[in-house]
Amino acid sequence: TEKMKSARKPDTGDSGSDLSEQIKAATSDIHVRAENTELMLTYQKGRISATQYKVLLCSLYEVYKALEEELDRNSSHPAIAPIYFPQELARLEYLQKDLEHFFGPNWKEQVIVPAATHRYERRLREIGRTNPLLLVPHAYTRYLGDLSGGQVLGKITQKCLGLNDSEGTQFFSFPAVSSPNRFKQLYRSRMNSIGLTEQEKTEVLEEAVTAFQLNIQVFDDLQKMLNVTTAEQPNAPRPPTALLSPTNVKQLTVGLCVAAVTIGMSIYVS
Ligand code: HEM
């Protein structure tokens, strides 16, 4: 089969003993898989719809809420303190503003997420309580991703949705990071300063793969949810930025509920 292409530079093979190099090597294959999910491919083709972006924001909100609350609670843990950068990295407030932009003051009541998002949240809560060290690969996966490919996704979102400046897309902006590349270097050196036994290092690398898997499952569930929604109205025109009329919001909500129930049931059945 044809090998999938990746925008990320291939790892050179010998990954050295630094955690930052090992974690990049360990997740290189699954990064390609993440890039090739339907949702991320739609992004790369520059065809993201307002609906896709809005459901993605809802899930990111729940994920970052769990991640950042657990990082805050464990901020003085010896493995977390070196990589704890709330000022530079915290996303939750921006996600709230973006959600408010699209859904209005009652946005909280309209946050709908699929089962995969709840699984991701549960994993973050569990390791926050039982093994905070494993929050390191989770923070790495999200924040370094946001500072890398995420920057391009922000521009695509603005363009596809016809948004001015950063309204609705504050999630992608890092006002306290002047150079994403230099910040990533700092972050890597902080990761490398964490003292780890071989056993701990193995666990961290495995959890990084899990973090990517959880993200992939969220993207796949969101796409399933949306496919159910759009399948219900096959003849409806699909303007690139629309779905904001009251009828469409109602149809979307009903569709998403049907999809959420369908996906929810499928886990209990399997
Ligand atoms: C459209 C989809 C995506 C594209 C085009 C993309 C592209 C990139 C690029 C160009 C880099 C930096 C290249 C380098 O320094 O070698 C990168 C790094 C990274 N990406 Fe992605 N990415 C995508 C999706 C994702 C997703 C879904 C995740 C995880 C949730 C992710 C996590 C990461 C991480 C953690 C890094 C940092 C790697 C390191 O330096 O250790 N990416 N990505």
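Procedures and definitions
- Residues numbered from 1 in each chain as written.
- Predicted model: local features only at pLDDT ≥ 70, side-chain atom pairs only at ≥ 80, totals over all residues.
- Helix = DSSP H or I, 4+ residues; strand = E, 2+ residues; numbered from the N terminus.
- Buried ≥ 20, exposed ≤ 12 C-beta atoms within 10 Å, placed from the backbone.
- Contact = placed C-beta atoms within 7 Å.
- Axes fitted to C-alpha atoms, helices over the stretch in contact; angles between N-to-C directions.
- Parallel < 35°, antiparallel > 145°, perpendicular 65-115°, else oblique.
- Nonpolar A, V, L, I, M, F, W, Y, C, P; charged D, E, K, R; others polar.
- Core = buried A, V, L, I, M, F, W, Y, C linked by C-beta atoms within 7 Å.
- UniProt positions renumbered as here; feature names shortened; annotations may be inferred.
- Left-handed = near helix turned anticlockwise from the far one by under 90°.
- Expected span 1.5 Å × (residues − 1).
- Arc of directions from axis to C-beta.
- pLDDT = per-residue confidence, 0-100.

Chemist: Provide a residue-level description of the overall build of the protein chain, including the pertinent values.
Modeler: The number of helices and strands found in the protein chain is 12 helices and zero strands. Among the 270 residues that make up the protein chain, the fraction classed as buried is 32%. Long-range contacts, defined as pairs at least 24 residues apart, comprise 83% of the intrachain contacts of the protein chain with a sequence gap of at least 6.

Chemist: Which residues make up the packing of helix 4 (residues 50-73) against helix 7 (residues 115-130), and what are the values?
Modeler: Following both chains from N to C, one finds helix 4 and helix 7 inclined at 0°, their axes separated by 9 Å at the closest point. With respect to each other, helix 4 and helix 7 are oriented roughly parallel. Together, S59, E62, V63, A66, L67, E70 and R73 of helix 4 and T117, Y120, E121, L124, R125 and G128 of helix 7 make up the contact between the two elements. Tallied by class, residues from the contact of helix 4 with helix 7 come to five nonpolar, three polar and five charged.

Chemist: Which residues make up the nonpolar core, and what values do they have?
Modeler: Counting 56 residues, the largest nonpolar core has L57, L95, V136, A139 and Y140 as its most contacted members. Of all the secondary-structure elements, those providing two or more residues to this core are helix 1 (19-26), helix 3 (38-44), helix 4, helix 6 (92-103), helix 7, helix 8 (135-146), helix 10 (180-192) and helix 11 (198-231). Per-element tally for this core: the top contributor is helix 4, with 12 residues. Beyond its immediate sequence surroundings of up to four residues, Y140 is in contact with I23, M191 and A208.

Chemist: Go over the UniProt feature "binding site: heme b" (unreviewed entry) in the protein chain, please, and point to the residues and values.
Modeler: UniProt's entry tags K24, H31, Y140 and R188 with the feature "binding site: heme b" (unreviewed entry), counted in the numbering of this structure. Take Y140: it is sitting in helix 8. Along the chain, R188 turns up in helix 10. On the basis of neighbour counts, which here come to 19 C-beta atoms within 10 Å, the residue R188 falls in the partly exposed class.

Chemist: Account for the packing of helix 4 against helix 8, naming residues and giving values.
Modeler: In contact at an axis separation of 11 Å, helix 4 and helix 8 are set at 135° when each is read in the N-to-C sense. Taken as axis vectors, helix 4 and helix 8 run oblique relative to one another. Here helix 4 and helix 8 pass one another in a crossing that is left-handed. On helix 8, the residues touching L67, E70 and L71 of helix 4 are L135, H138, A139 and R142. The residue inventory of the contact of helix 4 with helix 8, partitioned by class, reads four nonpolar, one polar and two charged.

Chemist: Explain helix 8 residue by residue, including any values.
Modeler: The first and last C-alpha atoms of helix 8 sit 16 Å apart over 12 residues, in line with the 16 Å expected at 1.5 Å per residue. Most of helix 8 sits inside the fold, with 11 of its 12 residues counted as buried. Those residues of helix 8 lying buried are L135, V136, P137, H138, A139, Y140, T141, R142, Y143, L144 and D146.

Chemist: Describe unusual backbone geometry, and please don't skip the residues or the numbers.
Modeler: In this structure, D165 takes a positive phi of about 35° despite not being glycine. Position of D165 among the secondary structure elements: in the loop between helix 9 (149-161) and helix 10. Residue class for D165 comes out exposed when judged on the 9 C-beta atoms lying within 10 Å of it.

Chemist: Give a description of the environment of D221 that names residues and reports values.
Modeler: Its location among the elements puts D221 in helix 11. Under the C-beta neighbour-count criterion, D221 is labelled buried, with 27 such atoms within 10 Å. Taking the C-alpha atoms as reference points, D221 and A115, separated by 106 residues in sequence, lie 7.6 Å from one another.

Chemist: Give a detailed account of helix 1, specifying residues and quantitative values.
Modeler: Three or more residues of helix 1 are buried, namely L19, Q22, I23 and A26. Burial along helix 1 is one-sided: seen end-on, the buried residues are contained in an arc of 95°.

Chemist: Talk me through the confidence of the model for the protein chain; I want residue IDs and the actual numbers.
Modeler: The predicted coordinates of low-pLDDT regions are not to be read in fine detail. Mean pLDDT over the protein chain: 88, with 80% of residues reaching 70 or higher. Low confidence marks residues 240-245, where pLDDT is under 50. Its contacts with residues over four positions away, or in another chain, come to 11 contacts. Predicted confidence is poor over residues 265-270, with pLDDT under 50, and the contacts of this stretch with residues over four places away or in other chains come to one contact.

Chemist: Kindly report on the environment of K155, identifying the contributing residues and their values.
Modeler: Along the polypeptide, K155 turns up in helix 9. Along the primary structure K155 and F172 are separated by 17 residues, whereas in three dimensions their C-alpha atoms are 8.7 Å apart.

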